[in-house]
Amino acid sequence: LAIQQRVETLERSVVCAVALSDGQRRESVRVTAGAEIWIVSDDADLAGRIAERLRRNGQRTRLTAVAALRDLEPPASLGGLIILAPPRPADDVLLKTALFGAQRFAAALRNTGGAIFVTVSRMDGAFGLDDLDPRRDPVDGGLAGLAKTAAWEWPEVQCKAIDLGNDWADADQAADVLAEELLLAGPAEVGLSRSG
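Remember, it's a predicted structure, so these values are computed and weren't measured experimentally. (Residues numbered from 1 in each chain as written. Predicted model: local features only at pLDDT ≥ 70, side-chain atom pairs only at ≥ 80, totals over all residues. Heavy atoms only, no water.)

**Here we look at the pattern of salt bridges**
Spelled out, the test is: Criterion for a salt bridge: a side-chain nitrogen of Lys or Arg within 4 Å of a carboxyl oxygen of Asp or Glu. Secondary structure counts use DSSP, requiring at least four H or I residues in a row for a helix and at least two E residues in a row for a strand, with both numbered from the N terminus. Exposure categories follow from relative accessible area, calculated using a 1.4 Å probe and restricted to protein chains: below 20% of the type maximum is buried, above 50% is exposed, and the middle band is partly exposed.
Taken as a whole, this structure holds eleven salt bridges when the rule is applied. Among the ionic pairs, Asp172 bridges to Arg49, the shortest N-O distance being 2.8 Å. On the criterion of sequence distance, the pair formed by Asp172 in helix H4 (residues 171-182) and Arg49 in helix H1 (residues 44-56) is long-range, its members being 123 residues apart. Note on Asp172: relative accessible area 32%, which makes it partly exposed. On the basis of relative accessible area, Arg49 is assigned to the partly exposed category, the value being 24%. The partner of Glu52 in a salt bridge is Arg56, and the shortest N-O contact between them spans 2.6 Å. Separated by four residues within a single helix, Glu52 and Arg56 lie in helix H1, roughly one turn from each other.

Here you go:
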């Protein structure tokens with residue numbers, strides 16, 4: 001009987017934000033013509049500005065408050081569902097409602113033939129990697145996880161998690177970059193800040 005010594009190594013990975021090249025995200029997502037894109041948020045100002053830009057791009061939009069999503073009947077088809085977090089989530093109601101909305105509106109998104117499901121967190125534009133504040137609300141990370149999970153389960157829907165930095169000079173600039181990014185294919189996670 002021989003004793004053999006076995007040495008195993010533990011690999012360590014570190015997550016970091018990297019610059020995104022134009023070639024990685026310039027292909028437009030196809031949203032079925034005439035299908036509504038719903039924007040769910042309690043930040044009526046930014047949500048309204050995003051809706052205005054999408055309408056200018058030929059999309060039909062509908063705004064709804066977070067609490068109202070539970071009472072709305074899913075349409076037969078839906079061009080998009082966007083869950084936009086407020087700058088500072090006060091509790092986990094947004095995440096619970098987002099999960100409920102994803103479950104309830106899944107068939108409407110999947111049956112459309114061209115739809116988007118996007119969550120927008122409001123951390124630092126790098127999913128918390130640039131601003132490692134221990135008081136950060138975990139709700140924001142949950143939104144990104146929801147979008148990435150949906151991407152695995154709904155291959156016919158373009159799913160994306162976006163993190164909007166808090167360094168934008170005004171809501172118009174933030175709305176411009178968000179409205180553009182919502183309709184671009186590319187990585188499942190995209191951070192948007194003034195620095196990139």
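**Some details on the side chain of Arg122**
Filter applied, for reference: Polar contact is defined as a pair of N or O atoms within 3.5 Å, subject to the rule that within protein one atom must be able to donate a hydrogen and the other to accept it, and that residues adjacent in sequence are counted only when both atoms are side-chain atoms. For this analysis, residues touch if any pair of their heavy atoms sits within 4.5 Å.
The topology assignment puts Arg122 in the loop between strand E4 (115-121) and helix H3 (138-153). Within polar-contact distance, the side chain of Arg122 engages the side chain of Asp43 at 3.1 Å. From its side chain, Arg122 meets the backbone oxygen of Ala85 in a polar contact 2.7 Å long. For Arg122, the contacting residues outside a window of four places in its chain are Asp43, Leu46, Leu84, Ala85, Pro86, Pro87, Asp140, Asp163 and Leu164.

**Focus: the sheet that holds strand E5 (residues 157-164)**
Here is the rule we go by: Two strands form a pair only when DSSP identifies at least two bridges running between them. Interaxial angle, 0 to 180 degrees, is taken between N-to-C directions of lines fitted to C-alpha atoms, where a helix line uses only the stretch in contact.
As summarised here, the arrangement of the six strands in space is E2-E1-E3-E4-E5-E6, forming an open sheet in which the pairing is parallel. Only two strands of the sheet have a single neighbouring strand rather than two, namely strand E2 (60-64) and strand E6 (189-192). Across the sheet, the mean angle separating the axes of adjacent strands is 20° when strand polarity is ignored. As judged from the four bridges shared by strand E1 (residues 36-40) and strand E3 (residues 80-84), these two strands associate in the parallel manner. Each residue of the ladder has a partner; that of Ile39, found in E3, is Ile82.

**Some details on the layout of surface pockets**
Put simply, the rule reads: A cavity here means a set of 1 Å grid points, computed over protein atoms only, where a 1.4 Å probe fits but cannot escape. A pocket is an open set with protein on both sides within 12 Å along at least 5 of 7 lines, and lining residues have an atom within 4 Å of a point. Grid points are joined across faces, edges and corners, and a volume is the space filled by probe spheres set on the points. Polarity classes work like this: nonpolar for Ala, Val, Leu, Ile, Met, Phe, Trp, Tyr, Cys and Pro, charged for Asp, Glu, Lys and Arg, and polar for all others, with Gly in that last group.
When its volume is computed, the second largest pocket comes out at roughly 200 Å³. Along the wall of the second largest pocket there are 14 residues; nearest its centre are Pro87, Arg122, Leu164, Gly165 and Asn166. Only H1 and H4 provide two or more residues apiece to the lining of the second largest pocket. Its residues assigned to classes, the lining of the second largest pocket shows six nonpolar, two polar and six charged.

**So, unusual backbone geometry**
The phi torsion at Phe127 lies on the positive side, around 55°, for a residue other than glycine. In this fold, Phe127 is placed in the loop between E4 and H3.

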